[in-house]
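Each chain is listed here by its residues.
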2 protein chains.
Amino acid sequence: MTSSTSAASAASAAPAVTSVDEVLALVRARGGRATPSRRILLEVLFESSDHRSVEDLACEVQARAPEVHLSTIYRNVEELERLGVIAHTHLGHGPATYQLATIAHSHLVCERCGRRIEAPEELFADLARAAAERYGFSIDPRHFAILGRCADCAQEARDVAGGGG
Amino acid sequence: MTSSTSAASAASAAPAVTSVDEVLALVRARGGRATPSRRILLEVLFESSDHRSVEDLACEVQARAPEVHLSTIYRNVEELERLGVIAHTHLGHGPATYQLATIAHSHLVCERCGRRIEAPEELFADLARAAAERYGFSIDPRHFAILGRCADCAQEARDVAGGGG
DNA sequence: TTCGATGCAAATAGTTTGCATTCTA
DNA sequence: TAGAATGCAAACTATTTGCATCGAA
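On a predicted model such as this, the values are computed, not experimentally measured, just so you know.

The rules behind the values
Residues numbered from 1 in each chain as written. Chains lettered and ligands numbered in written order. Predicted model: local features only at pLDDT ≥ 70, side-chain atom pairs only at ≥ 80, totals over all residues. Heavy atoms only, no water. Near = heavy atom within 4 Å. Polar contact = N/O pair within 3.5 Å; in protein donor to acceptor, adjacent residues only side chain to side chain. Helix = DSSP H or I, 4+ residues; strand = E, 2+ residues; numbered from the N terminus. Nonpolar A, V, L, I, M, F, W, Y, C, P; charged D, E, K, R; others polar. 1 Å grid on protein atoms, 1.4 Å probe; cavity = no way out; pocket = protein on both sides within 12 Å on 5 of 7 lines; lining within 4 Å. Points joined across faces, edges and corners; volume = space filled by probe spheres on them. Pairing = 2+ DSSP bridges. Buried < 20%, exposed > 50% of the residue type's maximum accessible area, 1.4 Å probe, protein only. Core = buried A, V, L, I, M, F, W, Y, C linked by side-chain atoms within 4.5 Å. Contact = heavy atoms within 4.5 Å.

J.: Help me understand the protein's contact with DNA strand D in this model?
T.: Taken together, 22 residues lie around DNA strand D, and Arg33(A), Ser37(A), Arg38(A), Thr72(A) and Arg33(B) are the ones closest in. In DNA strand D, atoms within 4 Å of the protein come from the sugar-phosphate backbone in 66% of cases. For DNA strand D, a base nitrogen lies 2.5 Å from a polar atom in the side chain of Arg33(A). The separation between a phosphate oxygen of DNA strand D and a polar side-chain atom of Glu55(B) is 3.5 Å. Taken together, the elements giving at least two residues each to the surface near DNA strand D come down to helix H2 (36-47) and helix H4 (70-82) of chain A together with helix H4 (70-82) of chain B. Class assignment for the residues of the surface near DNA strand D results in six nonpolar, eight polar and eight charged.

J.: Sorry if this is basic, but what is going on with empty space enclosed by the protein here?
T.: Over the atoms rolls a probe the size of a water molecule, and in doing so it shows where empty space is left. Under the definition given, this model contains one cavity of 30 Å³ or more. Here the largest cavity is characterised by a volume of approximately 70 Å³. Lining the largest cavity are His90(A), Gly92(A), Phe144(A), Ala145(A), Leu147(A), His90(B), Gly92(B), His143(B), Phe144(B), Ala145(B) and Leu147(B). Secondary structure elements with two or more residues in the lining of the largest cavity: strand S7 (145-149) of chain A together with strand S7 (145-149) of chain B. Residue classes in the lining of the largest cavity are distributed as six nonpolar, five polar and no charged.

J.: Is there a simple way to think about the sheet that holds strand S1 (residues 52-53) of chain B in this case?
T.: Strand pairing within a sheet occurs via backbone hydrogen bonds; the two strands may be parallel or antiparallel. All names here are of chain B. One open sheet accounts for three strands, arranged S1-S3-S2; its pairing is antiparallel. Both outer strands of the open sheet, S1 and strand S2 (86-90), are each paired with one neighbouring strand and no more. As paired strands, S2 and strand S3 (residues 96-100) are joined by five bridges and run antiparallel to one another. Looking across to S3, one finds that His-90 is bridged to Ala-96.

J.: What's the story with the environment of Asp140(B) in this structure? I'm lost.
T.: Looking at the secondary structure, you find Asp140(B) in the loop between strand S6 (138-139) and S7. The class of Asp140(B) is buried, set by a relative accessible area of 10%.

J.: In this structure, what is going on with the nonpolar core? I would like to understand it.
T.: The nonpolar side chains of soluble globular proteins are, as a tendency, buried together. In terms of nonpolar packing, the biggest core is built from 40 residues, with Phe124(A), Phe137(A), Ile146(A), Phe124(B), Phe137(B) and Ile146(B) touching the most fellow members. Mapped onto this core, the elements with two or more residues apiece are strand S4 (106-110), strand S5 (116-119), helix H5 (125-135) and S7 of chain A together with strand S4 (106-110), strand S5 (116-119), helix H5 (125-135) and S7 of chain B. Not counting chain neighbours up to four residues away, the residues in contact with Phe137(B) comprise Leu108(A), Val109(A), Cys110(A), Ile117(A), Ile146(A), Leu147(A), Gly148(A), Arg149(A), Cys150(A), Ala128(B), Ala131(B) and Ala132(B).

Right, here's the structure in full:
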């Protein structure tokens with residue numbers, strides 16, 4: 001095992017699951033059951049490259065199996081997160097979003113226009129090091145969004161505020 | 001041009017209000033009114049050094065004026081935020097928290113035990129610089145929490161996971 | 001006197017829970 | 001068969017909104 005992993009993935013020994021069947025095997029291995037709704041949810045997750053809200057996921061799952069209930073999705077994402085297969089992120093306000101742990105990354109989110117920019121993990125290298133050194137704190141950049149202003153909105157704000165000198 | 005201000009305070013030209021009366025004057029100046037509920041809310045905010053949820057604030061306000069309604073607090077924090085007097089932060093899950101803009105700072109929040117560590121703005125200097133250089137993005141560290149594991153919980157996780165290796 | 005602010009109730013969004021039923025292992 | 005998972009409804013938390021009334025300026 002390459003144990004010099006970044007702060008983001010140090011916490012749990014997440015197996016590198018790469019297919020729906022592997023995850024379902026993992027579910028069974030821990031005493032859980034491979035149900036249709038779980039399989040479909042996983043299919044949707046594996047086909048998504050972006051962060052998805054539970055409602056979002058529910059829509060896609062229900063397109064294939066209309067009887068699957070929202071609460072089932074909630075229970076399943078919770079379970080899949082416990083297994084380390086997916087991770088959630090809080091994007092400022094609004095619902096939590098989920099994505100495969102293997103492709104998890106943080107986002108820069110503009111508080112004004114809502115624009116999202118994918119942030120590679122290395123962007124947090126310095127912060128991770130400083131937090132660890134000073135407070136012993138292991139940051140997990142996948143689980144929070146960096147809020148602020150995107151280039152355009154920051155420029156607009158500057159135009160307004162700086163007009164009079 | 002002193003454009004090398006920190007990312008956190010660049011966006012709005014926030015007047016350095018330091019007392020309840022100054023804020024109320026500011027409220028009046030923009031056409032608003034100095035009401036008892038606003039005064040009390042401001043008193044509570046000026047006496048708080050920590051981040052407070054709206055419900056939290058409501059409890060303290062209502063201790064002095066029981067008739068003040070929760071929705072009034074919501075409307076007032078919104079107004080005070082627009083004025084740049086207070087700022088909000090999203091602490092992972094749970095309600096948004098508010099604090100005076102002058103003492104606003106970010107927090108490291110443990111996702112496991114909920115512990116909060118105050119993070120000085122300089123901790124984000126490198127991240128702010130990198131985000132600005134690469135994406136033109138101005139981060140606002142006051143408005144989001146850095147999630148992860150505190151020293152104790154990270155250690156526990158290591159004990160559990162690393163037992164065999 | 002005017003219109004911004006409030007109290008209250010009800011709506012809304014996001015999420016969780018209790019329980020009888022269904023279905024995997 | 002056992003008990004994990006589901007569907008459904010209802011509770012719950014956080015927040016917003018409509019509206020008649022109140023009160024600051």
